[in-house]
Amino acid sequence: MTKYIFVTGGVVSSLGKGLTAGAVGLLLESHGLKIALQKLDPYINVDPGTMSPYQHGEVYVTEDGTETDLDLGHYERFTNAKLPRDSNYTTGQIYNEVISKARRGDYLGSTVQVIPHITDEIKRCIENMDDEDVDVVISELGGTVGDIEGQPFLEAIRQFGLEKGRDNVMFIHLTLLPYLNASGEVKTKPTQHSVGKLREIGIIPDILICRTEQAMEEEHRTKIALFCNVPVEAVIEEQDVEHSIYEVPLVLREQKLDSQILKHLGIPEGDGDLSEWTAMVDTVCHHLSHVTEVTIVGKYIELHDAYKSIYEALTHAGITHNTKVNFRKVSSEEVEKEGAEKLLEGSKAILVPGGFGDRGIEGKISAIRYARENAIPFFGICLGMQCACIEFGRNILGLEGAHSSEFDKETPHPVIDLMEEQNEVTQKGGTMRLGAYPCEVMDGTRARKTYGQAMVHERHRHRYEFNNSYRDQFQEAGGVFSGLSPDGNLVEIFELPNHPWFVSCQFHPEFQSRPVSTHPLFREFVRASLVYAGVLENDNSAQKQPAG
Ligand code: GLN
C-alpha cells in the first residue's frame, strides 16, 4: 500500500520547503524505496508557465512537457523520481476541472461547494500520484499555513489522513525559529502559533523541521515538543548550511529523520546507502580547490530564482572539476547602455540564457559577439542560441537587420522564425514546444564529443526555431549545426568549431543536471572556462567524467 507524506510550511514563506521535500525523498530512496513527489500550489493561475520569472522564479519543465513550479527542479536534482504531469497542481487547475465537471452535469442536482467538491478533486489529484510501484508519495503544499487560498488544500489533506489511516499518512511541518539579535535569543513562539493554526484545522504534525540561523538548544527542543505536542526527537533542526543546500539531507539524516518516517509509516529500514551523495557533499565542503567565474548575461539577473536551474547546473559542473563557480550577473539592458567591452571585460566564460520579449535583446547579441571575437567560452541556451544565430547572420554573413520574427516582424532576414504549427496558436498557456524531444548529435562535432553519444533527449520550451532557408549560408560560412531533430528538420544545437568553446542549444539542458551527474554541456563549458583561465590544460578529455 502506498504511503503519503505531506509537507506544509509555517511562519514565513521561502523556508526551503521544496528542497526539504526533495531531501526527504532522497533519504527514503536511500532505503530502496520508490518515491513520487508532488507540489500543490494554491495560486489561481491554470498555467504556471504564464507567470513572470520576477514573480515566481523560473518555470521548470518536466520531461512530459508540463510547465511547473521551480520546486520540481529541487525534486529532480535531489532524487531519481520522474515527475509526471500530476506532479504539480494549482488552485486554478483544480477549480477548472470542477467547473468543467459541473457544466458537464457530473454533479447534477448538487450545489457545488469547496467541501466536498473542491476537496474531493484535490484528493483525486494526490491519488493520481499513486502508481503501482510507488512506495511513498511526498506532497508539498505551497504557501504558508494561514493563507486564505491554502485552506481547501489543508482541509483536503486532513480528510486524506483520516481516510487512509494515520499509519499511512504523515504530516511534516516546516517552521522558522527566528533569532532576535537584540536579546540574543532563538524564539519558539511563531512555531507554536503556526502549529496551533494547523491544529485548528485538525492536522497534528508528526514531525517539525525547524529552520534556524543559530543552533537550537536542548531547551528549545523540549519547549517546542511540549507546546506543539510532538515527541522531542521529532523536533528536527535545519540550521542554515555552510557550503551548499546539498548538505541538507545529511543534516536531516544525522537527526534520524528517515528512521522516524519509516517507523511511523511501518516501513522496514533499508541499508540507507547515501555514499554517492555524501562523496559529492564532501567535495563541495572540502575539495573545491579551483575557482572560476561565469558571466551570465540575461534579462532577469536581479532575481536568482529566475535562472535557478542554470546556476545549479553550473554549480554541479564546478563540483565535477573541484571548482567553486562564481557568477557575474550582468543585465543585458546594461550591456546595451554601457557596451559589452566595459561590462564583460575579464570574463572567463559567458552564458546567455533563455527568455521572452525584446527587452535587452541587443545586449545579449553584443555579448555573444564579444565572446566570439575574444575567443571566450560561450554557451547559449534557447533564446541564447537564437541570439547566437542572429549575431552570426548579421556579423559573419552580413545579413543586415537579421533578427527573430518574435522581435521584428518586418525583418528582411528572419533567421529565427515561427514554426508552421505555432502560426495557428492563439492561447498563451501551455502551447509552446514543450518537454523532451530526441536530438541527433552529429559525428565529429564538439557536441558529440561532449555527449559521447549520437542520440540524446532534451527538454524544450519555446515557440521559435532556426529558419532552415538560411542553413546553407550558415554552414558555408563555418557554422555547424551539430544537433538536429531526427528528421533533420529542426536545429537543436549550433556551434562554431573555430573557437575554443562556442556551443548553443535550442533546448534547456539545465533541467537535466544533477549534483551527482552533471549535464555534459555544463561540465565541458565550465571546463572550458578553467582552460581559458589557465587553471586546467586543454587535454581534450571531453568524454572523461572527472572524479568528484
Ligand atoms: N522566446 C523564444 C521562443 O519562444 C525563446 C524561449 C526560451 O528561451 N525559452 O522561441
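Structure shown above.
Residues numbered from 1 in each chain as written. Predicted model: local features only at pLDDT ≥ 70, side-chain atom pairs only at ≥ 80, totals over all residues. Heavy atoms only, no water.

Observations concerning the packing of helix H12 (residues 308-320) against helix H19 (residues 520-532)
Move 1: It is the contact of H12 with H19, at a shortest axis distance of 8 Å, that shows an interaxial angle of 65°. The orientation of H12 with respect to H19, classified from their angle, is roughly perpendicular. The interaxial crossing formed by H12 with H19 has right-handed handedness. Together, Ile310, Ala313, Leu314, Ala317, Gly318 and Thr320 of H12 and Phe522, Arg523, Phe525 and Val526 of H19 make up the contact between the two elements. (Axes fitted to C-alpha atoms, helices over the stretch in contact; angles between N-to-C directions. Helix = DSSP H or I, 4+ residues; strand = E, 2+ residues; numbered from the N terminus. Parallel < 35°, antiparallel > 145°, perpendicular 65-115°, else oblique. Left-handed = near helix turned anticlockwise from the far one by under 90°. Contact = heavy atoms within 4.5 Å.)

Observations concerning the nonpolar core
Move 1: Counting 57 residues, the largest nonpolar core has Ile5, Leu28, Ile138, Ile207, Leu257, Ile261 and Trp277 as the members making the most contacts within it.
Move 2: In terms of residue count, the dominant contributor to this core is helix H1 (residues 17-29) (seven residues).
Move 3: Apart from the residues within four sequence positions on either side, Ile5 is in contact with Val24, Leu28, Val136, Val137, Ile138, Ser139, Met170, Ile172, Ile261 and Leu265.
Move 4: Within the second largest apolar cluster, 37 residues are counted, among which are Leu344, Ile365, Tyr470 and Phe494. (Core = buried A, V, L, I, M, F, W, Y, C linked by side-chain atoms within 4.5 Å. Buried < 20%, exposed > 50% of the residue type's maximum accessible area, 1.4 Å probe, protein only.)

Comments concerning helix H10 (residues 257-265)
Move 1: Counting buried positions along H10 yields seven of nine residues, so the element is predominantly enclosed.
Move 2: All of the buried residues along H10 are Leu257, Asp258, Ser259, Gln260, Ile261, Leu262 and Leu265.
Move 3: At its buried positions, H10 is contacted by strand E1 (3-9), H1, strand E7 (169-177), strand E10 (207-212), strand E11 (235-239) and helix H9 (248-254).

Quick notes on a nonpolar patch on the surface
Move 1: Residues Tyr95, Ile99, Val114 and Ile115 make up a contiguous nonpolar surface patch of roughly 330 Å² in combined accessible area.
Move 2: Going through the elements one at a time, helix H4 (91-104) and helix H5 (114-127) are the ones with two or more residues in the nonpolar patch.
Move 3: Here Ile115 shows up in helix H5. (Patch = residues over 30% accessible without salt bridge, like charges linked within 9 Å, V, L, I, M, F, W, Y side chains within 5 Å. Areas by Shrake-Rupley, 256 points an atom, 1.4 Å probe, with all protein chains shown as cover. Salt bridge = Lys/Arg side-chain N within 4 Å of Asp/Glu carboxyl O.)

Topic: the pattern of salt bridges
When charged atoms on two side chains of opposite charge get close, those side chains can pair.
Move 1: Counted according to the given criterion, the structure contains 34 salt bridges.
Move 2: Across the pair Glu76 and Arg459 runs a salt bridge, and its minimum N-O distance is 2.8 Å. Of this pair, Glu76 sits in helix H3 (residues 71-78) while Arg459 is found in strand E19 (residues 455-462), placing the two residues 383 residues apart along the sequence.
Move 3: A relative accessible area of 7% places Glu76 in the buried class.

Points about the sheet that holds strand E22 (residues 491-495)
Pairing between the strands of a sheet comes from backbone hydrogen bonds, and it takes one of two forms, parallel or antiparallel.
Move 1: Across the sheet, which stays open at both edges, the nine strands sit in the order E13-E12-E14-E15-E23-E22-E21-E18-E19 with mixed pairing between neighbours. Because the sheet does not close on itself, it has two edges, and the strands there are strand E13 (323-331) and E19. The average undirected angle you get between the axes of adjacent strands in this sheet is 25°.
Move 2: Where strand E15 (residues 378-381) meets strand E23 (residues 502-505), four bridges bridge the pair, whose relative direction is parallel. By the bridge assignment, Phe378 is partnered in E23 with Phe502.
Move 3: Each of strand E12 (290-298), E13, strand E14 (350-352) and E15 touches H12; the most contacted strand, E13, lies at about 150° to it. (Pairing = 2+ DSSP bridges.)

Spatial relationships are all this shows, so hold off on functional conclusions.
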